[in-house]
Amino acid sequence: MAQQVATNITFHDGNVTRDERKACMKQTGGTVWFTGLSASGKSTIAVALEQVLCQQGNPVYRLDGDNIRFGLNKNLGFSAEDRAENIRRIGEVCKLFADAGVVTLASFISPYKADRDAVRALHEEAGLPFIECYVEVDLAIAEERDPKGLYKKARAGEIKGFTGIDDPYEAPEQPELVINTGNQTLEQSVAAALEGINSAGLCS
Ligand code: ADP
């Protein structure tokens, strides 16, 4: 994990309380962290969910694996160290969005449990809601879908360190939500995610 480098810095609190922010945003907000194999359906579910929540009038924002690597994390690759730093930075961004009262949908393979637990801890320490949603699918189904042709490349040895092929995926042990996309439609998956978000009170 990253070390604090700067010295002589002091956290400057604001005057807006969390209750005041909630009244302003008309919702609690928080982070929904979608984790799972590539092609499990994380991005597809988050995209559909974002639209539903936006149409309902709930402030929502989506953070997505590849998108973040075009900007904030363009200097990171896929080594274990870079993957950890990738998730650490995204975790901090999620915390800011959640603190702002936005329902934040984060779709990242995030294969290592320790990295996901660190993001959870960041939220818990700050008293912010965090829902870990395991988007579960059999590797064989993900490989058959292969929407970006990445499994094919990984099997051919053209991509090294690909999750599920030659890099591990550590499944969550106690996620708040599990959505198995191997045996349900996108509509069913979105409905399940929405139910989890509503029962955790993020939209109210
Ligand atoms: P990820 O973001 O996990 O890498 P994607 O969302 O990019 O995965 O791709 C998942 C693929 O699986 C898409 O082609 C999508 O249409 C398909 N799919 C089939 N069933 C579902 C479902 N129930 N939920 C989400 N995606 C599904």
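Residues numbered from 1 in each chain as written. Predicted model: local features only at pLDDT ≥ 70, side-chain atom pairs only at ≥ 80, totals over all residues. Heavy atoms only, no water.

### What about the site of the ligand?
Note the cut-off: For this description, a residue counts as near a given molecule or strand if any of its non-hydrogen atoms is within 4 Å of it. Each polar contact in these results corresponds to two N or O atoms within 3.5 Å; when the atoms are within protein, one needs to be able to donate a hydrogen and the other to accept it, and residues that are neighboring in sequence are counted only if both atoms are side-chain atoms. Note that accessible areas follow from Shrake-Rupley with a 1.4 Å probe, and for residues the cover is restricted to the protein chains shown.
Around the ligand, the surrounding shell holds 16 residues, and the nearest of these are Ala39, Lys42, Ser43, Thr44 and Gln184. In this structure, alanine 39 approaches the ligand through a main-chain N or O atom, which is 2.8 Å from an oxygen atom. Contact distances for the ligand include 3.2 Å between a nitrogen atom and a backbone N or O atom of threonine 185. Out of a free accessible area of 570 Å², the ligand has 77% covered by protein chains.

### Some points on the side chain of histidine 123
Put simply, the rule is: Put simply, DSSP H or I for four residues or longer makes a helix, DSSP E for two residues or longer makes a strand, and each gets a number counted from the N terminus. The rule is simple: take the accessible area with a 1.4 Å probe, protein chains only, and divide by the maximum for that residue type; under 20% is buried, over 50% is exposed, in between is partly exposed. Residue contacts follow a heavy-atom distance rule, with two residues in contact if any of their heavy atoms lie within 4.5 Å.
Within the secondary structure layout, histidine 123 lies in helix 5 (residues 113–125). Of the residues examined, histidine 123 reaches a relative accessible area of 0% and is grouped as buried. Among residues more than four places away in sequence, those in contact with histidine 123 are Thr31, Gly91, Cys94, Lys95, Ala98, Leu128, Pro129 and Phe130.

### A word on helix 5
Applicable threshold: By definition here, a helix of n residues has an expected span of 1.5 Å times n minus one. Regarding the arc, it is the one traced by the directions from the helix axis to the C-beta atoms.
In this model helix 5 runs 18 Å from its N-terminal to its C-terminal C-alpha over 13 residues, within 8% of the 18 Å that 1.5 Å per residue would give. Of the positions making up helix 5, those classed as buried are Asp115, Arg116, Val119, Arg120, Leu122 and His123. Down the axis of helix 5, the buried side of the element spans an arc of 155 degrees, and every buried residue falls inside it. Within helix 5, the exposed residues directed more than 90 degrees away from the buried face are Ala114, Glu124 and Glu125. Contact partners of the buried residues in helix 5: strand 1 (30–35), helix 4 (80–99) and strand 4 (130–136). One or two positions beyond helix 5, positive phi appears at glycine 127, with a value near 70 degrees.

### Comments concerning the environment of alanine 80
Along the chain, alanine 80 falls in helix 4. Taking the relative accessible area as the measure of exposure, alanine 80 reaches 47% and is therefore partly exposed. Along the primary structure alanine 80 and leucine 53 are separated by 27 residues, whereas in three dimensions their C-alpha atoms are 34 Å apart.

### A closer look at the layout of surface pockets
For clarity, the cut-off: In the cavity and pocket records, a cavity denotes points on a 1 Å grid over the protein atoms alone where a 1.4 Å probe fits but cannot get out, a pocket denotes an open set with protein on both sides within 12 Å along at least 5 of 7 lines, and lining residues are residues with an atom within 4 Å of a point. Grid points are joined across faces, edges and corners, and a volume is the space filled by probe spheres set on the points. Under the scheme applied here, ten amino acids are nonpolar (Ala, Val, Leu, Ile, Met, Phe, Trp, Tyr, Cys and Pro), four are charged (Asp, Glu, Lys and Arg), and all others, including Gly, are polar.
The calculated volume of the largest pocket comes to roughly 800 Å³. Along the wall of the largest pocket there are 36 residues; nearest its centre are Ser38, Ala39, Lys42, Ile109 and Lys148. Elements that contribute at least two residues to the lining of the largest pocket include exactly helix 2 (42–56), helix 3 (65–70), helix 4 and helix 8 (186–199). A per-element tally of the lining of the largest pocket places helix 2 first, with four residues. For the lining of the largest pocket, the class distribution of residues is 12 nonpolar, 15 polar and nine charged.

### Remarks on the pattern of salt bridges
Definition in use: The salt bridge definition used is simple: a Lys or Arg side-chain nitrogen within 4 Å of an Asp or Glu carboxyl oxygen.
Applying the stated criterion across every chain, the model contains 12 salt bridges. A salt bridge links glutamate 85 to arginine 89; the nearest nitrogen and oxygen atoms lie 2.8 Å apart. Placement of both glutamate 85 and arginine 89 in helix 4 is noted, with a separation of four residues, approximately one turn of the helix. In this pair, the class of glutamate 85 matches that of arginine 89, namely buried. With its nearest N and O atoms 2.8 Å apart, the salt bridge here joins arginine 120 to glutamate 176. Residue arginine 120 is located in helix 5, and its partner glutamate 176 is located in the loop between helix 7 (150–155) and strand 5 (177–180); the two are separated by 56 residues in the primary sequence. Among the residues examined, arginine 120 registers a relative accessible area of 15% and is labelled buried. One network of salt bridges, with partners in common, ties together Arg116, Arg120, Glu124, Glu132 and Glu176.

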